[in-house]
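So you can see what is in the structure, the chains are spelled out below.
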Amino acid sequence: MSTPSISVIMPVYHVEAFVGEAIQSVLDQSFEDFELVIVDDGGSDNSIPIARSFDDARIRIVSQPNRGLAGARNTGIANARAPYVALLDSDDRWDRDKLMLHFIHLQANPHIGASYSGSRMIDEDGEVMQVAMRPKLQHIVESDILCRNPVGNGSAPVFRRTALDRAAFRHPDEPHRICWFDESFRQSEDIELWIRLASVHEVRFEGIEGLLTDYRIIKGALSANVVKQYATWTRMLDIAQSNAPKLIDSHGARARAYQLRYLARRAIQLGNAELAKDFFDRALRSKFTILLEEPKKSLTTFAAIMVARTIGPEKFRRIVRPFLKAAA
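Residues numbered from 1 in each chain as written. Predicted model: local features only at pLDDT ≥ 70, side-chain atom pairs only at ≥ 80, totals over all residues. Heavy atoms only, no water.

### Let's talk about the pairing of strand 2 (residues 34-40)
Where burial is concerned, most of strand 2 is hidden: 7 out of the 7 residues are buried. Bridge analysis of strand 1 (residues 6-12) against strand 2 gives 7 bridges, and the strand direction is parallel. Bridge pairing in strand 2 links Ile 6 to Phe 34. What joins strand 1 to strand 2 is helix 1 (residues 19-27), and the crossover it makes is right-handed. For the segment spanning strand 2, helix 2 (residues 47-52) and strand 3 (residues 59-63), crossover handedness is right-handed. (Buried < 20%, exposed > 50% of the residue type's maximum accessible area, 1.4 Å probe, protein only. Helix = DSSP H or I, 4+ residues; strand = E, 2+ residues; numbered from the N terminus. Pairing = 2+ DSSP bridges. Right-handed = clockwise from strand over helix to strand, strands pointing away.)

Dropping the structure here:
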């Protein structure tokens, strides 16, 4: 069996409504020299039978007891055979030229360890939403990753395997297993790895043009629990403080302010104006200068909070929230 150029890692756990679409978006790639490593993370629904229904020799299914997203990604990477590793969550999907464009980018730039692109946002029905992730692409430094996370989501990056392996470590409780993602995280595990790669291991990140990933927003998913999301993000910052103290000393307050403002917007979109106000107030206490750095986004967030507190969450959702999404 010849070695593929790219290994695509897809964790699968209770995603029967979406996994077929995700798999098909990989099989439809214009770049065909890949393997798709599907990690069965111990689910009990019809997701894996759907995955097994695809008849393509490039698909391999690896099963494990449930370990969560980070653990499933680790198992997938451990089983990957290619010099490049791409990540795709099983509720997202790709543009058909994504792998080809990242392969060209990494081949042409041997100093780049992680290639990423922008993302469209889609709803549960796969419809494209107004908001998109259009990140900074060039001249990325570690403070960009800490404060703005240009990679955006776990389905956007393609890594050079040698760069990814710089961050490998043995699992603290199962030393026979090699990890890249920290399995103690159930959220923020991706940004924790990105920061560790950039700040500790000096891996270069660079983006390419285009919205090449469709990132699905699912009601009730982990990303909706903004309080837990902030707690895990704060823990990530604590780990980064021990790994890269100069980075956090210089940019930690600004990063916290941006994260709190983002969570304020998420809380507004979920209809919790009081929580949104608390997050926004804490953002300004952390770094008041975000008002000067990004006045439009900051003032739009503040205005949305005030309106939501005045007219109530239900009326706000009908009238005002589309404008907040458009300004995201």
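### Things to note about the nonpolar core
Within the largest apolar cluster, 63 residues are counted, with the highest numbers of intra-cluster contacts made by Trp 194, Phe 205 and Phe 279. When residues no more than four places from it in sequence are discounted, the contact partners of Phe 279 are Val 226, Tyr 230, Leu 260, Leu 263, Ala 264 and Ala 267. Core analysis: the second largest hydrophobic core is formed by 26 residues, Val 15, Ala 51, Tyr 84 and Trp 94 among them. (Core = buried A, V, L, I, M, F, W, Y, C linked by side-chain atoms within 4.5 Å. Contact = heavy atoms within 4.5 Å.)

### A closer look at the pattern of salt bridges
In the structure shown here, the tally under the stated rule is 22 salt bridges. For Glu 189, the salt bridge is made with Arg 73, and the minimal N-O distance between the two is 3.1 Å. Placement of Glu 189 in helix 7 (residues 189-199) and of Arg 73 in helix 3 (residues 68-79) is noted, with a sequence separation of 116 residues between them. Side by side, Glu 189 and Arg 73 carry an identical accessibility label, which is buried. (Salt bridge = Lys/Arg side-chain N within 4 Å of Asp/Glu carboxyl O.)

### Examining the confidence of the model for the protein
The pLDDT averaged across the protein works out to 92; a share of 93% of its residues lies at or above 70. Long-range and interchain partners of residues 323-328, a stretch whose pLDDT sits below 50, account for 15 contacts in this model, where long-range means more than four residues apart. (pLDDT = per-residue confidence, 0-100.)

### Comments concerning the environment of Glu 183
Mapped onto the elements of the fold, Glu 183 is located in the loop between strand 10 (178-179) and helix 7. Distance in space between the C-alpha atoms of Glu 183 and Arg 67 is 7.6 Å, their sequence separation being 116 residues. With residues near it in sequence (within four places) discarded, Glu 183 still touches Arg 67, Ala 70, Gly 71, Asn 74, His 171 and Arg 177.

### Structural notes on the packing of helix 8 (residues 226-243) against helix 9 (residues 245-269)
Two numbers describe how helix 8 lies on helix 9: the axes approach to 10 Å, and their chain directions differ by 170°. As the angle between them shows, helix 8 and helix 9 are arranged roughly antiparallel. In this structure, helix 8 contributes Val 226, Gln 229, Tyr 230, Trp 233, Thr 234, Leu 237, Ala 240, Gln 241, Ser 242 and Asn 243 to the contact, and helix 9 contributes Pro 245, Ile 248, Asp 249, Gly 252, Ala 255, Arg 256, Gln 259, Leu 260, Tyr 262, Leu 263, Arg 266 and Ala 267. By residue class, the composition of the contact of helix 8 with helix 9 is 12 nonpolar, 7 polar and 3 charged. (Axes fitted to C-alpha atoms, helices over the stretch in contact; angles between N-to-C directions. Parallel < 35°, antiparallel > 145°, perpendicular 65-115°, else oblique. Nonpolar A, V, L, I, M, F, W, Y, C, P; charged D, E, K, R; others polar.)

### Points about helix 9
Given a rise of 1.5 Å per residue, 25 residues ought to cover 36 Å, and the 34 Å separating the end C-alpha atoms of helix 9 matches this to within 8%. Roughly 60° is the biggest bend found in helix 9, and it falls at His 251. Taken from the residues just after helix 9, Gly 271 is the one with a positive phi, measuring 90°. (Expected span 1.5 Å × (residues − 1). Bend = angle between axes of the 7 residues up to and from the residue.)

### With respect to the pairing of strand 6 (residues 114-122)
Counting buried residues in strand 6 gives 8 out of 9 residues, a clear majority hidden from the surface. Note: strand 6 against strand 8 (residues 158-160), 2 bridges, orientation antiparallel. Note on strand 8: the bridge partner recorded for Ser 115 is Val 158. Note: strand 6 against strand 11 (residues 205-216), 9 bridges, orientation parallel. When the bridges of strand 11 are listed, Ser 117 appears paired with Ile 208. The hairpin formed by strand 6 and strand 7 (residues 128-133) contains 5 residues between the paired strands, and Gly 126 there has a positive phi angle of roughly 85°.

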